[in-house]
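What follows is each chain in one-letter form.
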Amino acid sequence: MKWRVSQNELIEVAQGRQDADLYIKDGTVINVYSGEFLKQNIAVYKDGIAYVGEDESPIGEHTDVIDAKGKYISPGFIETHSHPWVFYNPVSQTEKVLPLGTTTSVNDNLFFYLDMGAEKFKELLIDLRELPGNFLWLVRLISQSDYPGERDWFNQEDVRDLLQLDDVAGSAEVTRWPLLYKSDPFLLDTVDVVKNMGKVVDGHNAGCSYEKLNSIAASGVMACHEAIKADEAINRLRLGLWTVLRNSSLRPDLSEVSKIITEGKVDTSRVLMTTDGPHPSFIDKEGFADGLVRQAVELGIPVMTAVQMVTINAATYLRMDNSLGGIAPGKKADLLILPDLVNFRPELVISNGEIVAEHGQLKASLPEINWTEYKLDDAFKIPKSVLENPDHYVFPQADTDEKVPVIHFLSNVITKRKDIELPIVDGYADIHGHEGLVYVALIDRKKGDWMTRGVMEGFAVNLDGMASTYNTTTELLVAGRNPDAMAKAAARVHELGGGVVIVDGDAIVLEIPLPLTGMMVTDASFDVALKSHDKLLKYMQERGFPFHDILYTLLFLTCDFLPGLRITPFGLYDVKKDDIVVQSTSLPVYK
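Residues numbered from 1 in each chain as written. Predicted model: local features only at pLDDT ≥ 70, side-chain atom pairs only at ≥ 80, totals over all residues. Heavy atoms only, no water.

As annotated in an unreviewed UniProt entry, the chain is adenine deaminase from Lentibacillus salinarum. Under the UniProt heading Sequence similarities (unreviewed entry), the note attached to the chain is "Belongs to the metallo-dependent hydrolases superfamily. Adenine deaminase family." Among the UniProt annotations of the chain, the heading Catalytic activity (unreviewed entry) holds the following wording: "adenine + H2O + H(+) = hypoxanthine + NH4(+)". (UniProt positions renumbered as here; feature names shortened; annotations may be inferred.)

Next up on the list: the state of the cysteines. For the structure shown, the criterion picks out 0 disulfides. Left unpaired, cysteine 208 is separated from the closest cysteine sulfur, that of cysteine 224, by 7.8 Å. What makes cysteine 208 buried here is its relative accessible area of 9%. A relative accessible area of 1% means that cysteine 224 is categorised as buried. (Disulfide = S-S within 2.5 Å. Buried < 20%, exposed > 50% of the residue type's maximum accessible area, 1.4 Å probe, protein only.)

In this section: the pairing of strand E2 (residues 36-45). Sheet topology places strand E1 (residues 22-31) next to E2; 8 bridges connect them, and they run antiparallel. Looking at the pairing, isoleucine 30 lines up with phenylalanine 37 of E2. Counting the residues that bridge the hairpin from E1 to E2 gives 4 residues, and of these glycine 35 lies at a positive phi of roughly 75 degrees. Two elements, E2 and strand E3 (residues 48-53), share 5 bridges in a ladder whose sense is antiparallel. Bridge pairing in E3 links tyrosine 45 to glycine 48. Where E2 folds back on E3, the antiparallel hairpin that results is connected by 2 residues, among which lysine 46 adopts a positive phi of roughly 50 degrees. (Pairing = 2+ DSSP bridges. Helix = DSSP H or I, 4+ residues; strand = E, 2+ residues; numbered from the N terminus.)

Tracing the chain through its elements places leucine 162 in helix H5 (residues 156-163). Taking relative accessible area as the criterion, leucine 162 reaches 0% and is therefore assigned buried. Taking the C-alpha atoms as reference points, leucine 162 and glutamine 361, separated by 199 residues in sequence, lie 34 Å from one another. With residues near it in sequence (within four places) discarded, leucine 162 still touches Asn109, Tyr113, Ala118, Phe121, Lys122, Val139 and Val168. (Contact = heavy atoms within 4.5 Å.)

Pasting the structure below:
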């Protein structure tokens with residue numbers, strides 16, 4: 001992490017021989033090192049803290065004095081596990097969360113890398129250095145769903161090149177943790193490289209038993225945010241993993257996992273908190289890292305402990321506590337002035353020594369990013385006319401005595417296989433006599449080399465047609481009961497260059513362009529992402545979607561690591577049995 005200020009300059013300010021740029025006076029400092037609340041002043045010069053105490057000699061003619069009497073001064077909050085691609089993008093995420101007090105976010109690069117490759121991603125990273133606050137990255141070692149050519153794309157040379165960058169804090173979660181359990185050579189070798197660099201190895205071990213978790217810890221993984229029960233959280237802590245308590249739109253688990261603190265009384269020095277990429281509406285209502293602290297305190301966690309989990313604990317985990325996470329001389333001047341210790345909504349946010357937000361409004365400027373500069377290829381290489389064929393979207397079934405394997409939804413993201421006997425019409429399974437079933441297809445939008453088709457139950461019973469590039473593969477996902485409507489939705493997403501489209505009958509009723517990797521709006525305003533999400537959820541629920549988080553349903557439907565039957569580039573995949581139930585095929589007509 002680069003500095004504008006030198007040690008000598010900080011010493012000069014601390015001894016009163018150089019005027020401070022900012023002097024915060026008469027506030028109560030939340031000292032996360034000692035666990036004390038102290039009446040102290042703070043002198044800031046350039047991007048560093050020069051002095052903490054009672055001496056006012058750093059105040060000079062050009063010092064901006066901030067009166068913090070009756071208020072609390074906290075270190076800036078740190079989000080160690082962010083996904084800046086949930087409709088919002090890195091710029092619009094910053095626009096929203098920096099005024100809420102999250103001055104450092106550590107961000108997953110998955111879809112940027114998938115769409116841009118290593119060199120284009122590096123170009124983007126350079127431009128995003130202009131963002132206010134501290135915007136850091138975690139680099140994926142593999143994708144969230146296996147696909148043809150994955151290991152060539154996530155190759156050793158490119159991945160290691162990215163890991164060496166100063167903006168990269170380490171490697172991102174390996175969602176397909178069984179590969180670590182099975183000692184995948186590339187993953188283990190790369191984890192060793194990351195650790196030798198002195199960087200972090202993030203983890204994702206959903207559903208991992210205590211016995212298997214031993215192997216994951218032995219593989220070099222340092223942290224896990226996937227505990228959903230208190231006993232799962234404490235198991236992670238006992239096995240030496242940094243234990244990250246999550247409260248997110250998909251998994252609002254803090255009330256349960258926080259019991260390791262409120263009831264278990266564990267040592268909290270290796271406990272963190274995360275929002276884990278919540279949908280836009282969740283951030284708008286619940287906040288970001290500020291919301292974690294707020295709810296933790298409401299649940300009975302002491303204020304100091306709650307603040308430490310998103311400041312010094314997070315910085316120590318990231319191996320950046322020499323510069324981030326606390327209020328002390330020689331640290332980065334990332335400071336929040338809080339009116340109270342109930343809402344934790346800062347009235348003033350200082351990052352790198354600059355006032356970047358006041359009373360919830362961003363004051364710092366945001367970089368203007370031309371997202372099209374980072375595109376490697378056109379969003380679609382297959383002709384739109386191919387997608388207009390409704391026969392692509394029905395499930396082929398030749399054997400009348402064979403049941404159809406159906407993706408049955410149990411929750412937002414958990415499915416199971418359910419075999420259903422369906423009539424066969426012209427070589428296709430006919431779903432129209434079975435309420436609740438929809439067709440689904442996943443199509444290779446770049447080369448048109450493959451497509452996977454299936455049937456779903458409990459997704460959206462009244463959906464005629466929908467198409468989306470918002471999913472783990474970023475390929476074209478199409479669903480509905482009406483193949484003609486599905487074809488129309490698919491063709492429109494092609495025209496948009498990525499996005500989500502819903503069709504009723506012959507009418508397009510909703511379209512949301514997502515030209516950035518097929519996952520994000522490009523607008524710098526968070527409100528654009530928020531309104532797009534809320535409209536999509538509303539329209540889907542009106543068509544029978546029974547759950548609360550449509551973005552994560554779409555995202556994980558095409559993954560290959562959560563329980564149930566999934567639609568993937570290789571076919572319909574039974575995750576628990578590690579079995580391809582129905583193989584993908586060449587795209588008819590096009591091939």
